[in-house]
Structure formats: C-alpha cells, structure tokens
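Structural overview for review
Single-letter residue listing:
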Amino acid sequence: MSILAKYYLPALISFLCGIVIIPFLVKIAKKRKIMDNPNSRKVNKNAVPTLGGIAIYIGFVLSTLIFNTIVKPLDLLGIILGITIIIGLGIFDDLKNLSARTKLLFISLALLTVIIFSGLSFCNFHNFMGIRECPYPSGIIITLFAGIVIINGFNLIDGIDGLASGLALQISFVLGTWFALVGLHNFAVMAFSLSGGCFAFFFYNVFGKKNKIFMGDTGSLLIGIIVFILATKFNQFTAGYTGDYAIKSAPAVLIGILAYPLFDVLRVFALRIIVLKKSPFKPDKNHLHHRLLAFGMNHLQATLTILAVNQLFIAGAFVLQKYLGVFELTCVILSATIILSLILEMVILCTKKIKPNDKYQHLFLPGFLVSHVNNKASIFQANKTSTKN
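Residues numbered from 1 in each chain as written. Predicted model: local features only at pLDDT ≥ 70, side-chain atom pairs only at ≥ 80, totals over all residues. Heavy atoms only, no water.

**Let's talk about the environment of Thr232**
Inspection of the secondary structure puts Thr232 in helix H8 (residues 216-238). Considering only alpha carbons, one finds Thr232 and Ile115, 117 residues apart in sequence, at a separation of 9.8 Å. Beyond its immediate chain neighbours, meaning those up to four positions away, Thr232 contacts Leu120, Ser121 and Phe122. (Helix = DSSP H or I, 4+ residues; strand = E, 2+ residues; numbered from the N terminus. Contact = heavy atoms within 4.5 Å.)

What follows is the structure, given as structure tokens:
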C-alpha cells in the first residue's frame, strides 16, 4: 500500500464537505446579499456570492480532528483556535470591510495563538549567511512577520478565478507529500485536508455557473494561515531531520515552493510604496495576474500559467537544494522571479497593453528602460510615417 494512500481519505472528506456545503453557502449569500459586486478595479463582471472559505474551513477542521493522532492536545488546540480567529476575521471583513489596521491586529493575534500554543517558529535559519539559530524572542518576531507576509500574499493574489485556491492546492499537496514521506502524520493530514477543500472550491469557483462562488477574505486569510503553519513546520522539522528525504537548504526551498505569492506581494508592496507613494494595502491592478489578463489571457489561462511557473520553481528548488546552500539558492530563485517579471513588464510596455492613463495599473520598470523603449517606438513610428509619405 502506498504511503500516500492513507491520506486520500482526509482529502476526500474535505473535498466532499466542500462539494456539499458550497451550494448552501451560495443560497445563503444570495438571500442575504453577501455578494462581491463589480467595480472599475475588480475583474469580475457580475455580482458573485462570497464566503466560500467557510466550506474550506469546515472540511479542514473536520478532517483534521477525525484523522489526527492527538499526541499533544495543546498543539492542535492552538492551530484550530488560530484559524478560527482568522475565519471570524474573514467573515467580518467580507460583511463590514474592515480597515487594514484592524485586519493586521487580528491576524497577529491568530498567529501568536498558533505560535505560543503549538511551538511553531522560524528560529532556525539553516546556516543562512552563517546564522544557524536565533534566540527565541527574535524567532517569535521573525515568525510573526513571515506569517503576516504569507497570509497577505494569499489575500492579495485572490483576484482571479482559481488562483488562490489553485496555489494552496499545489503547495499543500507538495508539503503534504513530504510530510507523509518523513512520517509527520498530523501535518500530512492537515495538508491533504486543505488540498481536498481547495479542490472542491476550485471546481465551483472556476467552472460553476449556478453555484459560482468567491472565497472572499474568509477563504484567502484562512488558506494563508494554514499554508504558514505547514511551511513553518517544514522549516522547523528539516533542521534536525537526516533521513532519506532530508532537505539541505530548507528556507530557500520554501521560498521556491511559495515563489508566486511571496514575490507578488513583495513586488506590489514595493511598487506602491516606492513608485506610487501610497499605502501598500491600497488595492489596484498591479499584480502579475492582472498583467496576464492585460496580455489577453482569460482567468483560467492566467491561473494555469501561474501554477505552471510556480511548479517549475518548486521542482527547481528541490533539485538545486542538493547542490546549493541556502543563500545561493535564495539568490537564484529571487533572480529568476525578477527576470521573469521584467520580461513580462517589457512585453506589456512594447505591446502597449496598459494605457498610459490607467489609474489602476502602472508598470514596474527602471525609468531608463521605459525611455529607451518609448524612443525606439517613436523612431519606428516616424520611419513608418515617412515611408508612407
């Protein structure tokens, strides 16, 4: 019997919960008018029911409680309590549209609950730049920061159909497989439970017509904190694991696994703060998935393209970690993400897919490149006009 076979059932139960519960959530959302309404910034053209993350939450908690081997009850209690705080925050945000400061406060509370009760932390840097371990208080601060980045990463990329749920499905499946191979049963159960719920949601979100639904902040914040929990355990456990599936450069491999959500949120924050001189939390249409839509892709094509690229980063990270240290592999991954982003921005600039007066989209390119391309375009246009005359 395959090692992974015993984890099909948690995934299946979580999946079935989603399949059954989502149509009821759609009915409730329509009746209560809990809808995501279109506007000039959003890409949806019709009002769509939200709160889909509730189905993922129910399936995840149910599967986790049924199939977890409870060795340390406080660990599991901390995790369930932390994600329950997040789901409550997400529901209130979808209903009342909370401020960024309020959301940050409750996200921090949820993360601290998980960290304190479960003992999860990013205290080990695996000899990154000569740093092996940091003191526990410093580790708590670093862990809190990492959690905020990951949760906001998933919250902000939830802009097109299937993207956030597809990435969560991909990432949780990869981490769940590794947990299963090294014998971390409880975390494998959590990972596959998330995979099953995200798969059910993906089906309704991408292909649903009558029962199409968005996950809302309820879902994006939820999958963000669960991915954070799985990622933190991966980094923590690999520090002392020396078996057949040992990971040499775990922090860098994690960056590869989370390449798209991490890079996209940091890129957008940098653009908003440095170039646009505005709050990093003020929404716009400068995410990479917006660039793919501007290039002419539909939602499914953009989502599948991003998933394929992220899978290449995952595969590359697992292969290269055998030969490169944490610092070297991190540099390779960051360089690759920056180069791909610049290529996409250059293509958009050259093909003029973004209008100069678009208040929601701004290219993130060095000024000299923009000037060079514009000068070349002007010369080409002038030559074309003279040839006609």
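**Quick word on unusual backbone geometry**
Its identity as a non-glycine residue notwithstanding, Lys33 has a phi of 60 degrees, on the positive side. For Lys33, the position within the fold is in the loop between helix H1 (8-32) and strand E1 (35-36). Look at Lys33 and you get exposed, because its relative accessible area is 69%. Of note in this structure, Lys277 is not a glycine but carries a positive phi near 55 degrees. Along the polypeptide, Lys277 turns up in the loop between helix H10 (259-275) and helix H11 (288-294). (Buried < 20%, exposed > 50% of the residue type's maximum accessible area, 1.4 Å probe, protein only.)

**Considering the pattern of salt bridges**
In the structure shown here, the tally under the stated rule is six salt bridges. Measuring nitrogen to oxygen at the nearest pair gives 3.3 Å for the salt bridge that ties Lys103 to Asp93. Placement of Lys103 in helix H4 (residues 100-118) and of Asp93 in helix H3 (residues 73-96) is noted, with a sequence separation of 10 residues between them. Each member of the pair, Lys103 as well as Asp93, carries the same accessibility label: buried. Residue Arg267 is joined to Asp264 by a salt bridge in which the shortest nitrogen-to-oxygen separation is 4.0 Å. Within this pair, Arg267 and its partner Asp264 are both found in helix H10, separated by three residues, close to a single helical turn. Through salt bridges with shared partners, a single network forms among Asp264, Arg267, Arg291 and Glu345. (Salt bridge = Lys/Arg side-chain N within 4 Å of Asp/Glu carboxyl O.)

**Re the environment of Ser138**
Relative to the helices and strands, Ser138 resides in helix H5 (residues 136-157). Distance in space between the C-alpha atoms of Ser138 and Ser121 is 10.0 Å, their sequence separation being 17 residues.

**A few points about a nonpolar patch on the surface**
Taken together, the side chains of Phe295, Val309, Ile339, Leu340, Ile343 and Val347 present a nonpolar region at the surface, about 480 Å² in accessible area. Relative to the helices and strands, Leu340 is located in helix H13 (residues 326-351). Leu340 gets classed as partly exposed once you look at its relative accessible area, which sits at 43%. (Patch = residues over 30% accessible without salt bridge, like charges linked within 9 Å, V, L, I, M, F, W, Y side chains within 5 Å. Areas by Shrake-Rupley, 256 points an atom, 1.4 Å probe, with all protein chains shown as cover.)

**Side note on the packing of aromatic side chains**
This model, assessed by the stated rule, comprises 12 aromatic pairs. Measuring from centroid to centroid gives 5.7 Å for Tyr7 and Phe192, while their planes differ by 15 degrees, and the two rings are stacked. Pair noted here: Tyr7 is in the segment before H1 and Phe192 is in helix H7 (residues 185-207), with a separation of 185 residues, a long-range link. This pair shows no difference in class: Tyr7 is buried, exactly as Phe192 is. Here Phe203 and Tyr204 contribute two aromatic rings whose centre-to-centre distance is 5.5 Å and whose plane-to-plane angle is 75 degrees, an arrangement assigned as edge-to-face. Three or more aromatic residues joined by ring pairs make a cluster, and in this case those are Trp178, Phe179, Phe187, Phe234, Phe237 and Tyr241. Above the ring of Phe24, the side-chain terminus of Lys27 is found at 5.8 Å from the ring centroid. (Phe/Tyr/Trp six-rings, centres within 6.5 Å; stacked < 30°, edge-to-face > 60°. Lys NZ or Arg CZ within 6 Å of the ring centre and 35° of its normal.)

**A look at H10**
Its 17 residues give H10 an end-to-end C-alpha distance of 23 Å, which sits within 8% of 24 Å, the value for a rise of 1.5 Å per residue. Of all 17 residues making up H10, 12 are buried, and the element is well covered by its neighbours. Those residues of H10 lying buried are Ala259, Tyr260, Pro261, Leu262, Phe263, Asp264, Val265, Arg267, Val268, Phe269, Leu271 and Arg272. Among the structural elements, H5, helix H6 (163-182), helix H9 (250-257), H11, helix H12 (299-320) and H13 are those in contact with the buried residues of H10. Remark: Lys277 follows H10 within two positions and exhibits a positive phi of approximately 55 degrees. (Expected span 1.5 Å × (residues − 1).)

**A look at the packing of H4 against H5**
Close contact between H4 and H5 brings their axes to 10 Å; oriented N to C, the two are set at 125 degrees. In this view, H4 runs oblique relative to H5, as classed from their interaxial angle. Here H4 and H5 pass one another in a crossing that is right-handed. Touching Lys103, Leu104, Ile107, Ser108, Leu111, Leu112 and Ile115 of H4 are Tyr136, Ile140, Thr143, Leu144, Gly147, Ile148, Ile151 and Asn155, all from H5. (Axes fitted to C-alpha atoms, helices over the stretch in contact; angles between N-to-C directions. Parallel < 35°, antiparallel > 145°, perpendicular 65-115°, else oblique. Left-handed = near helix turned anticlockwise from the far one by under 90°.)

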